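Secondary and tertiary structure notes
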Amino acid sequence: MQNRIVHLIDADPSETRINVEGWIRTKRDSKNFCFFEINDGSCLKNLQVILDKSTSELSEVITHISTGASVTFTGILVESPGKNQKVELQAEDVILHGEAPADTYPLQKKRHSLEFLREIAHLRPRTNTISAVARVRNSLSFAIHSYFQEKEFIYVHTPIVSASDAEGAGEMFQVTTLPLDDIPKDNGVVDYSKDFFGKPANLTVSGQLEAEIYAMALKNVYTFGPTFRAENSNTARHLAEFWMIEPEMAFCTLEGDMAVAEEFLKYIFNYVLNHCEADMAFFNKWVQKGVADGLKEVVDKPFIHLPYTDAIKELTSTKKEFEFPVSWGADLQSEHEKFLTEEVFKAPVIVTDYPKEIKAFYMKLNDDEKTVRAMDVLVPRLGEIIGGSEREYRYDVLTRRLDELGLDPKDYWWYLDLRKYGSVPHAGFGLGFDRVVQYVTGMQNIRDVIPFPRTVHNAEF
Ligand code: 4AD
Ligand code: MG
């Protein structure tokens, strides 16, 4: 473990013989020496390796080593005469584990488009960009657990297979073992008693409702798991399978919810800035100019709070033309979210109190009976990154809302029970994990921040 390249590049020269394992990025031959750049995924930088061909019996094996090959070098770290690195490995031996024939290996030294790399998702983590994304993604998930653990939230595992539609939006993947070419029917309707669970089941769209159950016992909880939405959105920020973090807090109103969301986002941004410096410098320079500098600014400034009604005023009082018309009652589109965050406020904006018609059934109804205690955190470049709300904790109001929306209270019996026994104001939110990785790295397309993206008509690998 101590021989990971991330440590070696900053180590002092030493006479101690070490092994370095990794994949060849480049090879350069001269008469007596062979120069390699080797990478093991621990950092962006490669380790330079120099091998003396004249004295070694390795000239035969060296001819088989090319970009992409896996090797173990043995040698000592010496001071490097080059100005790009402090040390290099003076190798005296090499083991070639696996060749990567140059005539077929797709990742040659030139730059490849991200679209092309998506087609070779089994090889793309060997590139600078995708490996940097993987490291930042890893650090972000660690930071997320750290934040909630430090705050004494309990991590709850909510089910992936679920019988309820947590968002009431019907965008679910059905889970069934019934034979699709011979579905058992009873008077023309599907006989679910013959299905695996004995009733319709689906992949979860959110762990929120189950998280609420645990919040009603453990006070502050969070989930962090995969979520699935069968929405036909072919955009750069939608996945059919994505990861979500959902904290839920009892004895908490919308104000507390917004405060936690802001503190939490700033904590994880800060963590990445401090722990992924080299990778962030790479994104800052090559992927999205100034992305790291922008994050630092976000961390230092308070988020803007903006009721939906005021957001509509901002959007209707500008001369700017939008593709989607704006009026009170319409949902905010990505272009509107960008306008508010990038042009009006130049900061993250928390929009609150949306019309009830465009939000989920579980959000607490305001006294105006028109809006709900919702809050979406919008960020520049991306738009919505967090969706949350105070929950409707009043039994009678919740049953009325289910009724209005044509949802069957029987399907939500246990959710209603929580309002019958020891109900309390509570609130929470969902952070789209892949979106936050996208925001932090500045990557344009969400398909490039998750190892194996699942989108409409695409589930390769
Ligand atoms: O706004 P959403 O739908 O909220 C919920 O699911 C609530 N149950 C959360 C809660 O209050 N506990 O989704 C939350 C976040 C969005 O803000 C977005 O960042 C992300 O999840 N998200 C997606 N990310 C990628 N692809 C998709 N198709 C997404 N849909 C939502
Ligand atoms: Mg939302």
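Notes on the structure follow. Within each chain, residue numbers correspond to sequence positions counted from 1 in written order. All chains are assigned letters beginning at A, and all ligands numbers beginning at 1, according to the order in which they are written. Side-chain atom pairs in this predicted model are given and counted only at pLDDT of 80 or more, local residue features only at pLDDT of at least 70, and totals for whole chains, interfaces and linings cover all residues. Water and hydrogen atoms were dropped before computing side-chain values, which therefore reflect all heavy atoms in the structure.

What about the overall build of the protein chain?
- When you go through the protein chain residue by residue, the secondary structure sums to 13 helices and 18 strands.
- Relative to all contacts within the protein chain whose residues are 6 or more apart in sequence, the contacts with residues 24 or more apart total 68%.
- Surface accessibility follows the Shrake-Rupley procedure with a 1.4 Å probe radius. Residue values consider only the protein chains on display as shielding. Roughly 22,700 Å² of accessible area belongs to the protein chain as shown, and the carbon and sulfur atoms make up 52% of that amount.
- When the 51 positive and 70 negative side-chain charges of the protein chain are each reduced to one mean point, those points stand 4 Å apart. Numbering of helices and strands runs from the N terminus; a helix is a DSSP stretch of H or I covering at least four residues, while a strand is a stretch of E covering at least two. Whether two residues touch is decided by their heavy atoms; if any such pair falls within 4.5 Å, the residues are in contact. Think of it this way: Lys and Arg go in the positive column, Asp and Glu in the negative one, and His and the chain ends go nowhere. Charge positions come from single atoms, namely NZ of Lys, CZ of Arg, CG of Asp or CD of Glu.

Looking at the side chain of asparagine 220
- The residue asparagine 220 is located in strand 12 (residues 220-228) in this model.
- A relative accessible area of 19% means that asparagine 220 is categorised as buried. For the exposure calls, accessible area comes from a 1.4 Å probe over protein chains only, and a residue counts as buried if that area is under 20% of its type's maximum, exposed if over 50%, partly exposed in between.

With respect to the environment of threonine 253
- Mapped onto the secondary structure, threonine 253 falls in the loop between strand 13 (241-250) and helix 6 (254-275).
- Distance in space between the C-alpha atoms of threonine 253 and glutamate 150 is 21 Å, their sequence separation being 103 residues.
- Not counting the four nearest positions on each side in its chain, threonine 253 is found in contact with Glu390, Pro425 and Ala427.

Structural notes on the site of ligand 1
- Inspection of the region around ligand 1 gives 24 residues, with Glu167, Gln208, Arg229, Glu246 and Glu384 positioned closest.
- Between ligand 1 and the protein, one listed contact pairs a nitrogen atom with a side-chain N or O atom of serine 206 at 3.0 Å.
- Coverage of ligand 1 by the protein amounts to 93% of the 630 Å² it exposes when considered alone.
- Of all elements in the fold, only strand 13, strand 17 (383-390) and strand 18 (426-432) reach the threshold of two or more residues within the shell around ligand 1.
- At five residues, strand 17 tops the list of elements feeding residues into the shell around ligand 1.
- Gly is placed with the polar residues, together with every amino acid not listed as nonpolar (Ala, Val, Leu, Ile, Met, Phe, Trp, Tyr, Cys and Pro) or charged (Asp, Glu, Lys and Arg). In terms of residue class, the shell around ligand 1 is made up of eight nonpolar, eight polar and eight charged. The rule for a residue being near a molecule or strand is that one of its heavy atoms must lie within 4 Å of it. The term polar contact refers here to a pair of N or O atoms within 3.5 Å; inside protein, the definition further demands a hydrogen-donor-capable atom paired with an acceptor-capable atom, and it admits residues adjacent in sequence only when both atoms are side-chain atoms.

Description of the side chain of aspartate 165
- Position of aspartate 165 relative to the elements: it lies in the loop between strand 7 (161-162) and strand 8 (174-175).
- By definition, a salt bridge exists where a carboxyl oxygen of Asp or Glu is found within 4 Å of a side-chain nitrogen of Lys or Arg. Although buried, aspartate 165 forms no salt bridge, and the nearest oppositely charged side chain, arginine 229, lies 7.7 Å from it.
- When near neighbours in sequence (up to four residues on either side) are disregarded, aspartate 165 contacts Gly170, Met172, Val205, Phe361 and Tyr412.

Regarding the nonpolar core
- To form a nonpolar core, buried Ala, Val, Leu, Ile, Met, Phe, Trp, Tyr and Cys residues must be joined to one another through side-chain atoms within 4.5 Å. Ranked by internal contacts, the top residues of the largest apolar core, which has 58 residues, are Leu265, Ile268, Phe269 and Ile385.
- Broken down by element, this core gets its largest block of residues, 11 residues, from helix 6.
- In this structure, Ala360, Tyr362, Ala374 and Leu416 belong to the second largest nonpolar core, which totals 29 residues.

Section: helix 4 (residues 128-150)
- Multiplying 1.5 Å by the residue count of a helix minus one yields the expected span of that helix. Between its terminal C-alpha atoms helix 4 stretches 33 Å, which fits the 33 Å expected from 23 residues at 1.5 Å a residue.
- Of the residues flanking the end of helix 4, it is glutamate 152, one or two places downstream, whose phi is positive at about 65°.

Some details on a nonpolar patch on the surface
- Taken together, Ile160, Val161, Phe196 and Phe197 make up a surface patch of nonpolar side chains, about 380 Å² in accessible area.
- With respect to the element layout, valine 161 can be found in strand 7. Patch membership needs two things, relative accessible area over 30% and no salt bridge, and members are linked within 9 Å if like-charged or within 5 Å if nonpolar (Val, Leu, Ile, Met, Phe, Trp, Tyr).

Some details on the pattern of salt bridges
- Here the structure, examined in full by the defined rule, presents 29 salt bridges.
- Among the ionic pairs, arginine 401 bridges to glutamate 404, the shortest N-O distance being 2.9 Å. With arginine 401 and glutamate 404 both in helix 11 (residues 395-404) and three residues apart, the pair spans about one turn of that helix.
- You can call arginine 401 buried: its relative accessible area is 2%.
- The partly exposed category is assigned to glutamate 404, whose relative accessible area is 43%.

Section: the pairing of strand 18
- The buried fraction of strand 18 is high, at seven of seven residues.
- In strand 18, alternate side chains face the same way, and those of His426, Gly428, Gly430 and Gly432 on one face and Ala427, Phe429 and Leu431 on the other are all buried.
- Pairing between strands requires that DSSP locate at least two bridges from one strand to the other. Alignment of strand 13 against strand 18, held across five bridges, turns out to be antiparallel. What sits directly across from glutamate 248, in strand 18, is glycine 428.
- Two elements, strand 17 and strand 18, share five bridges in a ladder whose sense is antiparallel. Within the sheet, the bridge partner assigned to glycine 388 lies in strand 18 and is phenylalanine 429.

Regarding the sheet that holds strand 8
- Taken together, three strands build an open sheet; the order of strands is 7-11-8 and the sheet is antiparallel. The open sheet has two free edges, formed respectively by strand 7 and strand 8, since each of these has just one partner strand.
- Across two bridges, the pairing between strand 7 and strand 11 (residues 201-203) is antiparallel. Within the sheet, the bridge partner assigned to serine 162 lies in strand 11 and is asparagine 202.

Observations concerning the packing of helix 6 against helix 8 (residues 291-300)
- Fitted lines through C-alpha atoms serve as axes, helices being fitted only where they are in contact, and the angles separating the N-to-C directions of these axes extend from 0 to 180 degrees. Taken N-terminus to C-terminus, the directions of helix 6 and helix 8 make an angle of 140°; their axes are 9 Å apart at the nearest point. As judged from the angle between their axes, helix 6 and helix 8 are oblique. In the packing of helix 6 onto helix 8, the handedness of the crossing is left-handed. Packed against helix 6, whose contacting residues are Lys266, Phe269, Asn270 and Leu273, the element helix 8 presents Ala292, Leu295, Lys296, Val298 and Val299 at the interface.
- Per-class residue counts for the contact of helix 6 with helix 8 are six nonpolar, one polar and two charged. Note that the term roughly parallel is reserved for angles under 35 degrees, roughly antiparallel for angles over 145, roughly perpendicular for angles of 65 to 115, and oblique for everything else. By the definition used in this description, the sense in which the near helix is turned from the far one sets the handedness, with an anticlockwise turn below a right angle giving left-handed and a clockwise turn giving right-handed.

Some points on the sheet that holds strand 16 (residues 374-379)
- Taking strand neighbours across the sheet as the criterion, the eight strands line up as 6-12-13-18-17-16-15-14 in an open arrangement whose pairing is mixed. Whereas interior strands pair on both sides, the edge strands pair on one side only; in this sheet they are strand 6 (154-155) and strand 14 (304-307).
- Contacts from helix 6 reach strand 13, strand 14, strand 15 (349-352), strand 16, strand 17 and strand 18 within the one sheet, and its direction differs from that of strand 18 by about 30°.
- Its contacts with the sheet put helix 13 (residues 433-441) on strand 12, strand 13, strand 16, strand 17 and strand 18, and the angle it makes with strand 18 is roughly 60°.

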